[in-house]
Amino acid sequence: MKIRPAEAEDCDIIADLITQSDAGVLALFTGGHSGVLAALIRLSVEDPRILFSHKNVLVAESGGRILGASFNYDSATLKASKFATAKAMAKVLGFWRFISLLPKLTALGGMTG
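Per chain, the residues get numbers from 1 upward, laid out in the order the sequence is written. Local features in this predicted model are restricted to residues whose pLDDT is 70 or higher, and side-chain atom pairs enter the listing and the counts only when it is 80 or higher, whereas totals over whole chains, interfaces and linings include all residues. Note that water and hydrogens are dropped before the side-chain values are worked out from all heavy atoms of the structure.

Chemist: So what's going on with the overall build of the chain? Residues and values would help.
Modeler: Helix and strand counts for the chain come out as five helices and three strands. Put simply, the chain runs from its N terminus to its C terminus through helices and strands in the order β-α-α-α-β-β-α-α. Considering the chain as a whole, with its 113 residues, one finds that 41% of them fall into the buried category. Pairs at least 24 apart in sequence give 60% of the contacts found in the chain among residues at least 6 apart. Per-residue accessibility takes into account occlusion by the displayed protein chains alone, with areas from the Shrake-Rupley method and a 1.4 Å probe. For the chain, the accessible surface area stands at approximately 6400 Å², while carbon and sulfur atoms represent 58% of it. Helix and strand labels come from DSSP, where a helix needs a run of H or I of at least four residues and a strand needs a run of E of at least two; each type is numbered from the N terminus. For each residue, the accessible area found with a 1.4 Å probe, counting protein chains only, is set against the maximum for its type, and the residue is called buried under 20%, exposed over 50%, and partly exposed in between. Residue contacts follow a heavy-atom distance rule, with two residues in contact if any of their heavy atoms lie within 4.5 Å.

Chemist: Outline the environment of D16, supporting the account with residue identities and numerical values.
Modeler: Mapped onto the elements of the fold, D16 is located in helix 1 (residues 11-21). Between the C-alpha atom of D16 and that of L37, which follows or precedes it by 21 residues, the distance is 8.3 Å.

Chemist: Mind laying out the sheet that holds strand 2 (residues 57-62), listing which residues take part and the relevant values?
Modeler: The antiparallel open sheet is built from three strands, whose spatial order is 1-2-3. A strand with exactly one partner marks an edge of an open sheet, and here the two such strands are strand 1 (2-5) and strand 3 (65-71). Neighbour-to-neighbour, the strand axes of the sheet open up by a mean angle of 30 degrees, direction not taken into account. The rule for pairing is simple: two strands pair if DSSP sees at least two bridges between them. Looking at chain direction, strand 2 and strand 3 are connected through six bridges and run antiparallel. By the bridge assignment for strand 3, A60 is matched with G68. The strands that helix 1 touches are strand 2 and strand 3; relative to strand 3, the one it contacts most, it runs at about 70 degrees. In this analysis an axis means a line fitted to C-alpha atoms, helices contributing only their contacting stretch, and an angle means the value between N-to-C directions, from 0 to 180 degrees.

As structure tokens, this is what we get:
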């Protein structure tokens, strides 16, 4: 098994693996649907400033198959990505659904601070 940085072509499998394994914060954004996360990751291929960028993911691979994925970023990346991430979330989720999530995001420190 090897650990490697994710590539743009890995977007769908990353979204599936992370959605299946995460019952926490990402579920707030995606409603548990890998399609929402995949859309955010795909948008990040065009704009790597988005927090959900494949550039912030490490994958575990064995025999050419991706077996696991993990988002990894530091506080500077989080801070620098807030506007681009908010814009992408509004685009994928729709404006009103995004607005309805703002209190939760603010409580988590995701879009403020």
